[in-house]
Amino acid sequence: MTHSTDLNLSLFERAKALIPGGVNSPVRAFRAVGGTPRFIARAQGAYMWDANGQRFIDYIGSWGPMILGHGHPAVLEAVQKAALEGFSFGAPTEREVELAEEIIRHVPSMEMIRLVSSGTEAGMSAIRLARGATGRSKIIKFNGCYHGHADSLLVKAGSGLATFGHATSAGVPAEVVQHTLVLEYNDVAQLEEAFALHGKEVACVIMEPIAGNMNFVRASVPFMRRARELCTQHGALLVIDEVMTGFRVGLGSAQGLYAQQIPGFAPDLTVLGKVIGGGMPLAAFGGPRAIMEQLAPLGPVYQAGTLSGNPVATACGLATLREIAKPGFYEQLAARTRALIDGLAGAAQAEGVAFCADSEGGMFGFFLLPQLPQNYPEVLKTDGARFNQLFHGLLERGVYIAPALYEAGFVSAAHTAQDIDATVAAAREVFKMLSI
Ligand code: KE4
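The model shown is predicted, which means the values in this text are computed figures rather than measured ones.

Criteria and cut-off values
- Residues numbered from 1 in each chain as written.
- Predicted model: local features only at pLDDT ≥ 70, side-chain atom pairs only at ≥ 80, totals over all residues.
- Heavy atoms only, no water.
- Near = heavy atom within 4 Å.
- Polar contact = N/O pair within 3.5 Å; in protein donor to acceptor, adjacent residues only side chain to side chain.
- Nonpolar A, V, L, I, M, F, W, Y, C, P; charged D, E, K, R; others polar.
- Domains from an automatic or database assignment.
- Core = buried A, V, L, I, M, F, W, Y, C linked by side-chain atoms within 4.5 Å.
- Buried < 20%, exposed > 50% of the residue type's maximum accessible area, 1.4 Å probe, protein only.
- Helix = DSSP H or I, 4+ residues; strand = E, 2+ residues; numbered from the N terminus.
- Contact = heavy atoms within 4.5 Å.
- Pairing = 2+ DSSP bridges.
- Axes fitted to C-alpha atoms, helices over the stretch in contact; angles between N-to-C directions.
- UniProt positions renumbered as here; feature names shortened; annotations may be inferred.
- pLDDT = per-residue confidence, 0-100.
- Buried area = accessible area lost by both parts, 1.4 Å probe.
- Salt bridge = Lys/Arg side-chain N within 4 Å of Asp/Glu carboxyl O.

Neighbouring the ligand are 16 residues, the closest being S25, T120, N213, D241 and E407. In this structure, an oxygen atom belonging to the ligand sits 2.9 Å away from a main-chain N or O atom of G119. Contact distances for the ligand include 2.5 Å between a nitrogen atom and a side-chain N or O atom of N213. Taken together, the residues of the shell around the ligand sort by class into 5 nonpolar, 7 polar and 4 charged. Residue-level mapping places the shell around the ligand at the junction of two domains, with at least three residues from each of domain 1 (3–71 + 327–434) and domain 2 (73–324).

Now for the nonpolar core. In terms of nonpolar packing, the biggest core is built from 99 residues, with I103, I140, F142, F247 and F431 touching the most fellow members. It is helix α11 (residues 329–350) that contributes the most residues to this core, 8 residues altogether. When residues of this core are sorted by domain, at least three fall in each of domain 1 (3–71 + 327–434) and domain 2 (73–324). Excluding anything up to four places from it in sequence, F247 contacts I67, I103, H106, V107, S253, L272, V275, I276, L321, I324 and Y330.

Spatially, β1-β2-β3-β17 is the arrangement adopted by the 4 strands of the open sheet, whose pairing is mixed. Edge positions in the sheet fall to β1 (40–44) and β17 (399–400), since each has one partner strand and no second. Relative to strand β2 (residues 47–50), β1 runs antiparallel, the two sharing 4 bridges. The residue of β2 that forms the bridge with R42 is W49. In the packing of helix α14 (residues 417–434) onto the sheet, the strands contacted are β2, β3 (55–58) and β17, and the crossing angle to β3 comes to about 105°.

The next subject is the UniProt feature "modified residue: N6-(pyridoxal phosphate)lysine" (unreviewed entry) in the protein chain. The UniProt feature table records "modified residue: N6-(pyridoxal phosphate)lysine" (unreviewed entry) at K274. When you line up the elements, K274 lands in the loop between β13 (269–272) and β14 (283–287). Here K274 falls in the partly exposed class, since its relative accessible area comes to 24%. Other than its neighbours up to four places away in sequence, K274 contacts W63, G64, P65, V243, M244, G279 and L282. A polar contact is formed between the side chain of K274 and the backbone oxygen of W63, at a distance of 3.1 Å.

Further remarks concern the side chain of N215. Mapped onto the elements, N215 comes out in the loop between β10 (210–211) and β11 (217–218). A relative accessible area of 3% places N215 in the buried class. Within polar-contact distance, the side chain of N215 engages the backbone oxygen of F366 at 3.1 Å. If sequence neighbours within four positions are ignored, N215 has contacts with F364, G365, F366, F367, L405, Y406, E407 and A408.

Quick look at the confidence of the model for the protein chain now. Averaged over every residue, the pLDDT of the protein chain is 96; the share at 70 or more is 99%. The lowest-confidence element of the protein chain is strand β6 (residues 155–156), averaging 88 in pLDDT; the highest-confidence one is β13, averaging 99.

We now examine the pairing of strand β5 (residues 138–142). With 5 of 5 residues buried, β5 is to be regarded as a mostly interior element. On β5, burial covers both faces: K138, I140 and F142 on one face and I139 and K141 on the other are all buried. Bridge count for β5 against strand β9 (residues 202–207) is 3 bridges, and the pairing is parallel. Counted as the bridge partner of I139 is C204 from β9.

Time to look at the domain arrangement of the protein chain. When cut into domains, the protein chain gives domain 1 (3–71 + 327–434) and domain 2 (73–324). For domain 1 and domain 2, the distance between their C-alpha centroids amounts to 26 Å. Between domain 1 and domain 2, the residue contacts involve 32 residues of the former and 31 residues of the latter. Across the interface of domain 1 and domain 2, roughly 2,600 Å² is buried in total on both sides, 59% from carbon and sulfur atoms. For the domain 1 face of the interface with domain 2, the top three residues by lost area are Y330, E360 and M363, together amounting to 25%. At the surface where domain 1 touches domain 2, the tally comes to 2 salt bridges. A salt bridge links E360 to R218; its shortest N-O distance comes to 2.9 Å. Remark: the boundary between domain 1 and domain 2 carries 15 residue pairs in polar contact (both at pLDDT 80 or more). Here the element with the most residues in the side of domain 1 that touches domain 2 is strand β16 (residues 363–367); it accounts for 5 residues.

Okay, structure coming up:
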């Protein structure tokens with residue numbers, strides 16, 4: 001593609017003149033991997049086409065929501081019907097109740113739920129609710145986990161357990177992050193020490209159960225079990241951020257997987273997003289009635305939203321959830337995803353490239369490392385330059401993976417065995433280049 005006819009380039013120039021970085025969310029700008037972002041013109045099934053008409057097998061899936069693939073007929077029909085009935089009313093609708101019923105049916109730790117418009121809003125609201133419900137201010141999060149861009153969550157670790165976090169973003173006052181303690185993911189000893197020091201002040205612990213913002217790092221069962229025990233012991237709430245894993249890794253989400261390994265396991269609050277909106281702006285948080293009834297208009301914790309429970313977004317989410325609840329859906333999706341990472345591992349091995357991968361349901365991650373990292377510092381041992389070569393090598397061959405080594409990947413029900421084979425073949429060519 002010559003620069004003169006590269007519509008992505010000309011669109012990017014136009015965008016950069018009006019929108020910071022030319023994008024409405026930083027990761028889309030390709031700054032981690034370099035090069036020109038692809039401006040997507042349309043998508044269908046497992047594929048996206050950019051402004052130049054190049055087709056990509058899509059492993060981003062809008063960062064998780066498009067679990068059915070793009071343009072699923074049942075979802076499209078539901079959205080078109082809802083749009084004809086009205087875009088937004090600012091009043092309650094039956095479909096919000098239907099969506100609440102459908103989500104709660106699959107997430108037994110939730111007795112009540114509040115719908116919002118983004119994962120950030122859901123995470124921020126869950127933190128406020130935890131603080132309001134406990135009357136405490138301190139929160140514990142983990143290095144490498146991302147919970148949206150609310151001020152109190154944009155924090156990096158302090159100099160030690162006694163010192164609380166420092167903001168990772170300009171514009172976040174120290175006073176806001178002074179109550180946020182950042183610990184190392186999967187470090188049980190550190191978590192125990194933090195509770196020994198601050199247990200009575202901790203409102204909640206918030207974590208990704210499978211950290212998709214570190215590419216793909218699982219919370220170990222001992223770590224998750226101990227987090228649950230310590231929260232219970234000290235009267236803190238355990239908040240599981242399932243914005244990415246919710247309905248993506250299984251119908252019971254990630255908490256369902258941990259409940260199989262930790263008898264009676266359940267979080268106090270769950271944050272959801274992405275899949276439950278099916279690609280439309282919709283997220284949620286929920287938990288036991290006693291906690292959720294602290295929310296306005298019943299209780300003292302304020303939370304609100306003009307487009308919360310939007311009638312078109314709820315139609316999209318409900319149609320999506322009804323499709324993924326069908327028998328066999330996750331078995332096939334998990335098998336297809338596992339075939340992808342097994343194929344990639346085989347290709348890397350054949351070319352002598354250090355590679356490891358993991359998947360759960362329709363979510364996967366891989367690392368150019370000999371073994372799976374257990375925390376963020378281990379993830380960062382990846383050679384970024386080699387990842388960027390892999391990214392662009394795949395992109396040139398029509399395979400679109402996340403443009404950053406710390407992001408997870410997603411397979412949809414629309415990806416075929418042929419798509420997986422084509423992806424593995426493209427990767428084999430790129431691994432051959434990398435091994436030279
Ligand atoms: P949103 O505000 O972007 O809807 O959700 C924030 C969020 C909360 N919790 C988790 C576990 C998340 O992964 C996210 C958002 N994920 C990123 C991808 N890592 C969205 C992509 C983006 O920022 O553009």
